[in-house]
Amino acid sequence: MKAIVLDTDDQFRVGEVAEPVPGPGEVAIRVAYAGVQYGDVLVRAGHFPIPRPFVPGFEAAGQIVAVGAGVDQARIGEQVAGLIGGGGFGEIVIAPAILAIGAAQVDPRTAAGFGWVTPTAYDLINTIARVRPGDTVLIHAAAGGVGSMAGQFAAVAGAERIVGVVGNADQVDYARRFGYHEVLVREDFPDAVGDETFDAILDPIGGRTRLASLARLAAHGRIVVYGNIATFEPVTVSTNDLLMQGQSLMTYNSNLASQTHPKRLADSAARAMALVADGSVRIDITAEYDLSDVETAIASLAGGATRGRSIVRVG
Ligand SMILES: NC(=O)c1ccc[n+]([C@@H]2O[C@H](COP(=O)([O-])OP(=O)(O)OC[C@H]3O[C@@H](n4cnc5c(N)ncnc54)[C@H](OP(=O)(O)O)[C@@H]3O)[C@@H](O)[C@H]2O)c1
């Protein structure tokens, strides 16, 4: 079958690979569209120890065409969004049956855009930061895949004030479509925040932004660390200082959750999918690429030139 292959020369090329077969507890999905995400950038940069050659693509939408042992045969034909550990940029991909999330109520492009970012944003807001009605929320990288969903989930959760931080003025207008009451430009953070503090802060940035964010946490506030876009440099926090203010620093790792607590992740994903299907939140597909153009898709993401979700036409 046709697939994108990432080899040791770090190039994404269209190639021919053997069609994968589902093992016990797995399904095979004929991929219509696949989502592009930051993990694709990190894989190429060598941040994950994945042997090459490797078929990248961590989120695939399509139809189940075969099931492995122990999986209900009735799932064949089901439209799903697969949360996968690679292989999405191939015509057939294998997914754990539990993480092939029913997507019959949404179109295949939206199902591809759903990806990991939508359950991640759902969990960040609802499961980890536990945003409640009346809370104030600060979300970094507000115009990105996670950020554009997190603003909407915060609004659904009843947050009273949702502030986003983005890279430039164009992104301000874009991010404001996703539940934000105010959007700041990164170079104005934290000064533009003044003395305001927040009940929940989502931080995928790291470094100085993380330290400045901690300083803006309200009493009993929760800061959730879930990425290191700007820097992997460690940030040291005093638990005694947190305790004095009743604050919590939490982290979130959806990839790990898929291995350790797949049922919990699948439940969150199903709840998030229901909110997409009923129109409570919207996945914004801003770019669509041919399979042969994956290189451009990933370079755009790596260069910070994207908004919302980019998808690749596979089938
Ligand atoms: N832990 C988990 O479970 C989990 C799950 C999914 C994603 N993630 C992580 O979450 C992060 C966001 O993922 P995504 O899919 O939303 O990515 P994305 O769509 O590429 O968005 C990332 C955003 O980061 C901003 N950005 C780029 N460089 C930056 C910098 N140096 N400083 C501050 N902001 C910068 C850009 O915003 P502007 O254009 O406004 O500058 C961009 O919109 C990534 O680090 C990813 O690895 C973690």
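Residues numbered from 1 in each chain as written. Predicted model: local features only at pLDDT ≥ 70, side-chain atom pairs only at ≥ 80, totals over all residues.

### Brief notes about the domain arrangement of the protein chain
Its domain assignment divides the protein chain into domain 1 (2-115 + 284-313) and domain 2 (118-255). Listed by partner, the interface residues are eight residues for domain 1 and seven residues for domain 2. Residues belonging to the side of domain 1 that touches domain 2 are distributed by class as follows: one nonpolar, four polar and three charged. (Domains from an automatic or database assignment. Contact = placed C-beta atoms within 7 Å. Nonpolar A, V, L, I, M, F, W, Y, C, P; charged D, E, K, R; others polar.)

### What about the sheet that holds strand β8 (residues 136-140)?
Strand order across the open sheet formed by six strands is β10-β9-β8-β11-β12-β13, with parallel pairing between neighbours. In the strand order of this sheet, the two ends are held by β10 (182-185) and β13 (248-251), each with one partner. Across the sheet, the mean angle separating the axes of adjacent strands is 15° when strand polarity is ignored. Two elements, β8 and strand β11 (residues 198-203), share three bridges in a ladder whose sense is parallel. Within β11, the residue paired with L138 across the bridge is I201. Across the face of the sheet, helix α4 (residues 145-156) comes into contact with β8, β9 (161-166) and β11 while running at roughly 175° to β9. (Pairing = 2+ DSSP bridges. Helix = DSSP H or I, 4+ residues; strand = E, 2+ residues; numbered from the N terminus. Axes fitted to C-alpha atoms, helices over the stretch in contact; angles between N-to-C directions.)

### Quick word on the nonpolar core
If you look at soluble globular proteins, the nonpolar side chains tend to sit buried side by side. Counting 95 residues, the largest nonpolar core has I29, I101, I125, A150 and V312 as its most contacted members. Counting residues per element, this core draws most heavily on strand β3 (residues 26-36), at eight residues. For this core, the domains that each give at least three residues are domain 1 (2-115 + 284-313) and domain 2 (118-255). Apart from residues lying up to four places away in sequence, I125 is in contact with V131, A150, F153, A154 and A157. (Core = buried A, V, L, I, M, F, W, Y, C linked by C-beta atoms within 7 Å. Buried ≥ 20, exposed ≤ 12 C-beta atoms within 10 Å, placed from the backbone.)

### So, the packing of helix α3 (residues 117-128) against α4
Relative to each other, α3 and α4 sit at 45°, their axes nearing to 8 Å. For the element pair α3 / α4, the angle class is oblique. Helix-helix and strand crossings are classified by hand; for α3 and α4 the assignment is right-handed. Residue-level contacts link V117, T118, T120, A121, Y122, L124, I125 and N126 of α3 to G145, V146, M149, A150, F153 and A154 of α4. Classifying every residue of the contact of α3 with α4 gives 10 nonpolar, four polar and no charged. (Parallel < 35°, antiparallel > 145°, perpendicular 65-115°, else oblique. Left-handed = near helix turned anticlockwise from the far one by under 90°.)

### Topic: the site of the ligand
Neighbouring the ligand are 27 residues; G144, G145, G167, G227 and S254 lie closest to it. Of all elements in the fold, only α3 and α4 reach the threshold of two or more residues within the shell around the ligand. Examining the composition of the shell around the ligand, we find that three residues originate from one element, α4, more than from any other. Of the residues belonging to the shell around the ligand, the class tally is 14 nonpolar, 12 polar and one charged. Residue-level mapping places the shell around the ligand at the junction of two domains, with at least three residues from each of domain 1 (2-115 + 284-313) and domain 2 (118-255). (Near = placed C-beta within 6 Å.)

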